[in-house]
Amino acid sequence: MQGPLKGIRVVEFAGIGPAPFCAMVLADLGADVVRIARPDSPVRPEDVTIRSRATVQLDLRSESGRDAARALVSESDILIEGFRPGVMERLGLGPDALLSAQPRLVYGRMTGWGQHGPLAQAAGHDINYIALTGVLNAIGTPDKPPVAPMNLVGDFGGGGMLLAVGLLAALHEVSRSGKGQVVDAAMTDGAALLSAFIHGLRAEGQWTRGRGENLLDGGAHFYGCFTCADGRHIAIGSIEPQFYALLVERCALDPEAFSDQMNPDRWPRLRALLAEVFVRHPRSHWCELLEGTDACFAPVLDWDEAPAHAHNQARGTFTQIEGVLQPSPAPRFSRSGETPPRAPYLSTIDQALARWQKSPTQSGH
């Protein structure tokens, strides 16, 4: 195992969505992650977000199962859990109990609404959390309801990735203070944080409340997706004047008709004109004309096409593990390297403890 987090030990209490994604990111970076799951929980290579780590099956409803979990946590640097507030406390595995036994522990808690607040105990999913932040209302076209951006904004960008940053920050602080702490990562907080740039534009009067009428939400004719003659799509992002000028030139557009680029009143008409241009030819034509230039162009690829693209091939952006196609670890490190991802596997609690008890953790306990 290699990577910048080599030697860091993580106990993950099995869940869905953002918590296992966070654990996957840490494992990709070299951390030794052990996942605690219910008895008979399946461990399959198709479950991409549990890759690169062992799963130990424990019944946390039993005292023996809870004792085994405590023993594993006592050897770890980081804990990740994604249950509703209070569940871990009722199991006797809450932060007060575990930090008293392991004072350097970084205790990560991943929820949608956070550990406190009026909605903390309510059920919800990604779409509900981002709806509460203003983010969902801003995605889509003005004539239709907001569009769900899959579960990328809440679960993963504003959830799992935010938790990973918080855990690593708290782990770094342990090296100074010698004390662990709780990291409360809420998807509502994280999704709101991701919108910081848009809040800045609003403060400058450069973003309206309307959907699909702004610079980066599809309102601008030079920033959006267009249909081609073959029914496939392309993405244009020619914001800067020099890039926009190149788009106009390459596509043989009328410079006069497409002048006054930043006038929002002209955007709907110019978008319609651009749509008429792009639908005349198949996507391959526009790739030959624009891809690799400073016009800020890319074909919109589907799940099957993306791994085969030359750029993704050159960088190894995707990989296969036991026949399952999936993204490769990221980012890249020049010296410490990355841990090659591997399929998830089952382990016993005794095997996991024996491996960890052979040497101290990187944080020193």
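First things first, this report covers the structure right here in the doc. (Residues numbered from 1 in each chain as written. Predicted model: local features only at pLDDT ≥ 70, side-chain atom pairs only at ≥ 80, totals over all residues. Heavy atoms only, no water.)

Our focus in this paragraph is the sheet that holds strand β1 (residues 9–13). The strand order across the open sheet formed by seven strands is β6-β5-β4-β1-β2-β3-β12, and the pairing between neighbours is parallel. A strand with exactly one partner marks an edge of an open sheet, and here the two such strands are β6 (181–186) and β12 (345–347). Shown here is a sheet whose adjacent strand axes are inclined to one another by a mean of 25 degrees, direction ignored. The pairing of β1 with strand β4 (residues 78–81) spans three bridges and is parallel. Paired with V11 across the bridge in β4 is L79. Of the strands in this sheet, β5 (106–111) and β6 touch helix α7 (residues 187–194), which is tilted by about 65 degrees from β6. (Pairing = 2+ DSSP bridges. Helix = DSSP H or I, 4+ residues; strand = E, 2+ residues; numbered from the N terminus. Axes fitted to C-alpha atoms, helices over the stretch in contact; angles between N-to-C directions. Contact = heavy atoms within 4.5 Å.)

Attention shifts here to the packing of aromatic side chains. Inspection of the entire model under this criterion finds six aromatic pairs. Taken together, a centroid distance of 4.8 Å and an interplanar angle of 90 degrees make the contact between W113 and Y129 edge-to-face. Note that W113 is positioned in the loop between β5 and α5 (126–131) and Y129 in helix α5, a separation of 16 residues in sequence. Accessibility classification places W113 together with Y129 in one group, the buried group. Ring centres of F226 and F278 lie 5.1 Å apart, and the angle between their planes is 50 degrees; this geometry places the pair in the tilted category. (Phe/Tyr/Trp six-rings, centres within 6.5 Å; stacked < 30°, edge-to-face > 60°. Buried < 20%, exposed > 50% of the residue type's maximum accessible area, 1.4 Å probe, protein only.)

This next bit is on the pattern of salt bridges. Following the criterion strictly, the structure yields 12 salt bridges and no others. Two residues, E12 and R53, come together in a salt bridge whose shortest N-O distance is 2.6 Å. One end of the pair, E12, is in strand β1; the other, R53, is in the loop between β2 (32–37) and β3 (54–57), and 41 residues separate them in sequence. No difference in accessibility class separates E12 from R53, as the two residues are buried. Ionic pairing is found between E63 and R66, a salt bridge with its closest N-O pair at 2.8 Å. Placement of both E63 and R66 in helix α2 (residues 63–73) is noted, with a separation of three residues, approximately one turn of the helix. The exposure class of R66 is buried, given its relative accessible area of 15%. Three or more residues joined by partner-sharing salt bridges are found here, namely E63, R66, D67 and R70. (Salt bridge = Lys/Arg side-chain N within 4 Å of Asp/Glu carboxyl O.)

The buried fraction of β1 amounts to five of the five residues, a majority that puts the element mostly inside the structure. Of the two faces of β1, both are covered, the one formed by R9, V11 and F13 as well as the one formed by V10 and E12. Direction of pairing for β1 relative to β2: parallel, over a ladder of five bridges. Across the sheet, R9 pairs through a bridge with D32, a residue of β2.

Every buried residue of α2 is listed here: G65, R66, A68, A69, L72 and V73. Seen end-on, α2 carries its buried residues on one side only, within an arc spanning 160 degrees. Contact partners of the buried residues in α2: β1, β2, β4, α4 (95–101) and α13 (349–357). (Arc of directions from axis to C-beta.)

Another point: unusual backbone geometry. Between A330 and the following residue, P331, the backbone shows a cis peptide bond with an omega angle of 0 degrees. Within the element layout of this structure, P331 appears in the loop between β11 (324–327) and β12. Phi is positive for C296, close to 60 degrees, though the residue is something other than glycine. Turning to its location among the elements, C296 is positioned in the loop between α11 (283–290) and β9 (297–300).

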